[in-house]
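Here are the chains, one letter per residue:
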Amino acid sequence: MMRAAGLAVAILALMAPCADAAVIDWQAELQRCRALRESVAPLLQAGEGISAVGRSSRSVRRCIWIQRIAVRKKIPGAELW
C-alpha cells in the first residue's frame with residue numbers, strides 16, 4: 001500500500017509541470033516572435049515566402065501559431081505576419 005501511495009505522489013509530481021505548460025506567457029512569446037521576425041526579415045525581403053521560411057524552422061512555425069492565436073484572443077501587441 002505504501003508503495004502505491006508513493007507511486008501516486010511521484011506521478012502527480014511529474015504531472016504538475018504539464019499543467020503549468022498549458023499557460024502561455026503571451027507577452028514573452030510575442031516578444032520572442034518579434035525578435036525572430038527581425039532575424040527572418042532579410043530572408044523575406046530577399047523574396048522567400050513566409051511559408052518557405054516557416055518550413056525550415058520550428059521556431060518560426062511556433063511563432064506563426066502563437067501570432068494567430070494571440071490575434072484571435074485579441075491579446076495586446078499581437079499582429080499577423
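Here the structure is shown first, and the text comes after it.
Novice: In this structure, what is going on with the environment of Trp26? I would like to understand it.
Specialist: Mapped onto the secondary structure, Trp26 falls in helix H2 (residues 26–45). Sequence separation of Trp26 and Pro76 is 50 residues, and the distance between their C-alpha atoms is 8.9 Å. If we ignore the near neighbours within four places in the chain, the residues touching Trp26 are Ile66, Ile69, Ala70, Lys73 and Ile75.

Novice: Which parts of the structure should I look at to understand unusual backbone geometry?
Specialist: Of all residues except glycine, most have a negative phi; of all peptide bonds, most are trans. The phi torsion at Lys74 lies on the positive side, around 60°, for a residue other than glycine. Positionally, Lys74 belongs in the segment after helix H4 (58–72). Accessibility expressed as a relative area gives 72% for Lys74, which makes it exposed.

Novice: What's the story with the packing of H2 against H4 in this structure? I'm lost.
Specialist: The geometry of a pair of packed helices is captured by two quantities: the angle between their axes and the separation between those axes. The geometry of H2 relative to H4 is characterised by a closest axis approach of 10 Å and an angle of 130° between their N-to-C directions. Put simply, H2 runs oblique to H4. Crossing geometry of H2 relative to H4 is assigned as left-handed. Residues Trp26, Glu29, Leu30, Cys33, Leu36, Arg37 and Val40 of H2 form the contact with H4, whose own contacting residues are Ser59, Val60, Arg62, Cys63, Ile66, Gln67, Ile69 and Ala70. For the contact of H2 with H4, the residue count by class is ten nonpolar, two polar and three charged.

Novice: Explain H4 here, please?
Specialist: Since there are 3.6 residues in each turn of an α-helix, residues three or four apart along the chain are aligned in direction. For H4, spanning 15 residues, the distance from its first C-alpha to its last is 21 Å, which sits close to the expected 21 Å at 1.5 Å a residue. When H4 is considered as a whole, its buried residues turn out to be Val60, Cys63, Ile64, Ile66, Gln67, Ile69 and Ala70. Positive phi shows up at Lys74, right after H4, with a value of about 60°.

Novice: Please explain the pattern of salt bridges as it appears in this structure.
Specialist: Side chains carrying opposite charge are able to pair once their charged atoms draw close together. Evaluation of the coordinates by the stated rule reveals two salt bridges. Close ionic contact of Glu29 with Arg32 constitutes a salt bridge, the shortest N to O distance being 3.0 Å. You can see Glu29 and its partner Arg32 sitting in helix H2, three residues apart, about one turn around the helix. For Glu29, a relative accessible area of 11% corresponds to the buried category. Judged by its relative accessible area of 49%, Arg32 is partly exposed. A salt bridge links Arg62 to Glu29; the nearest nitrogen and oxygen atoms lie 3.0 Å apart. Separated by 33 residues along the polypeptide, Arg62 in helix H4 and Glu29 in helix H2 bring together distant segments of the chain.

Each value, and the rule that gives it
Residues numbered from 1 in each chain as written. Predicted model: local features only at pLDDT ≥ 70, side-chain atom pairs only at ≥ 80, totals over all residues. Heavy atoms only, no water. Helix = DSSP H or I, 4+ residues; strand = E, 2+ residues; numbered from the N terminus. Contact = heavy atoms within 4.5 Å. Buried < 20%, exposed > 50% of the residue type's maximum accessible area, 1.4 Å probe, protein only. Axes fitted to C-alpha atoms, helices over the stretch in contact; angles between N-to-C directions. Parallel < 35°, antiparallel > 145°, perpendicular 65-115°, else oblique. Left-handed = near helix turned anticlockwise from the far one by under 90°. Nonpolar A, V, L, I, M, F, W, Y, C, P; charged D, E, K, R; others polar. Expected span 1.5 Å × (residues − 1). Salt bridge = Lys/Arg side-chain N within 4 Å of Asp/Glu carboxyl O.

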